[in-house]
Structure formats: C-alpha cells, structure tokens
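# Per-entry structural report
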Amino acid sequence: MKILYLTLLLCGSVLISLAQNTVDEVFAVVGKYPILRSDIQEALLELEAVQKPDVCNALESILFQKLLLVQADHDSITVTDAEVETELSRRMAYFINKFGSESKMEAFYGKRINVIKDEFRPDVEERMLAERVLQKISG
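The structure reproduced in this document is the subject of the present report. (Residues numbered from 1 in each chain as written. Predicted model: local features only at pLDDT ≥ 70, side-chain atom pairs only at ≥ 80, totals over all residues. Heavy atoms only, no water.)

Both trends apply: most residues other than glycine have a negative phi, and most peptide bonds are in trans. Positive phi, close to 55 degrees, is recorded for Ser-76, a residue that is not glycine. With respect to the element layout, Ser-76 can be found in the loop between helix H3 (55–74) and helix H4 (81–99). Take Ser-76: its relative accessible area is 61%, and that puts it in the exposed class. (Helix = DSSP H or I, 4+ residues; strand = E, 2+ residues; numbered from the N terminus. Buried < 20%, exposed > 50% of the residue type's maximum accessible area, 1.4 Å probe, protein only.)

Alternating residues of strand S2 (residues 33–36) divide into Tyr-33 and Ile-35, all buried, and Pro-34 and Leu-36, none buried. Across four bridges, the pairing between strand S1 (residues 26–30) and S2 is antiparallel. Each bridged residue has a counterpart across the sheet, and for Val-30 the counterpart in S2 is Tyr-33. In this antiparallel pair of consecutive strands, S1 and S2, the connection spans two residues, and Gly-31 shows a positive phi of 65 degrees. (Pairing = 2+ DSSP bridges.)

Before going further, it helps to examine the pattern of salt bridges. Opposite charge on two side chains allows them to pair when their charged atoms are near. All told, the structure shown has 12 salt bridges when counted by the stated rule. A salt bridge links Lys-66 to Glu-126, with the nearest nitrogen and oxygen atoms 3.2 Å apart. Linking Lys-66 in helix H3 with Glu-126 in helix H6 (residues 113–138), this pair joins segments that are 60 residues apart in sequence. Residue Asp-75 is joined to Lys-136 by a salt bridge in which the shortest nitrogen-to-oxygen separation is 3.2 Å. Of this pair, Asp-75 sits in the loop between H3 and H4 while Lys-136 sits in helix H6, and the two are 61 residues apart along the sequence. Accessibility expressed as a relative area gives 26% for Asp-75, which makes it partly exposed. Residues joined by salt bridges that share partners form a network here, namely Glu-85, Lys-117, Asp-118 and Arg-121. (Salt bridge = Lys/Arg side-chain N within 4 Å of Asp/Glu carboxyl O.)

Nothing here speaks to function; it is all geometry.
Here you go:
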C-alpha cells in the first residue's frame, strides 16, 4: 500500500515538474539509486515505441528497476565488465543496423560511437543487474 501511495504521489510531482523547464533533478532515491527527471523522460520515450506513454507507468518501471538494483546490492549480484562490453557491442551493432551505418548514427546523436557507448554503459549495466535479480527470483 505504501508503494502505491508513493507511486501516486511521485506521479503527481513528476507531471508538475515535467511541465517546468528545469535542470536535471532527483525525484526520488531508492536505496542508493537516484531517480532523475531525465530517467523519467527516457522511460516515456521507450514506452512511446510500445504503447501510449504514461508518466505513472514510466515511474513504476523505473522504481521497479531501482528496487531490483537494491536487491542486487543486497545479494551481492554483479556483472563483469566483459559482460557489459559484450552487451554494449551487441546493442551498438543493432542500432548501427537500424540507422544504416555508423556515420548516420553518429550524425543523429552528434557524437562519436565511443562516446555514445560510454553514455549507454551505466544504463546497460543497471539493466543487466536487474535482469540477473529477476532470473534469481524466478529461478
């Protein structure tokens, strides 16, 4: 019940803040993992590709992932740098294929591939940790 109340409260503040023009800010902290305004905006963009974007669904998804990260810390679940690098390479190859070429992707982002890869790294690592926790729970 507390999580539902917290989610609804955060949804309201997210809607208000997204309407304002501010620098990236922390909306909530789950364990040691902050939820930033930009995280919510990214989640909305991801949801847009799959379904009608909804701030509450985006926030719920982020909260769930952060809770899984807290559990990963608690259970000492890790991913190696090599595993993250392999996943990053796989994702980069996928995106390059979607854009048609590496240069088109670089032009779209306005950055070199290695910079894009470095920016994706923390998110990929967090997602891999969350997936490991889910596998452990369901296994």
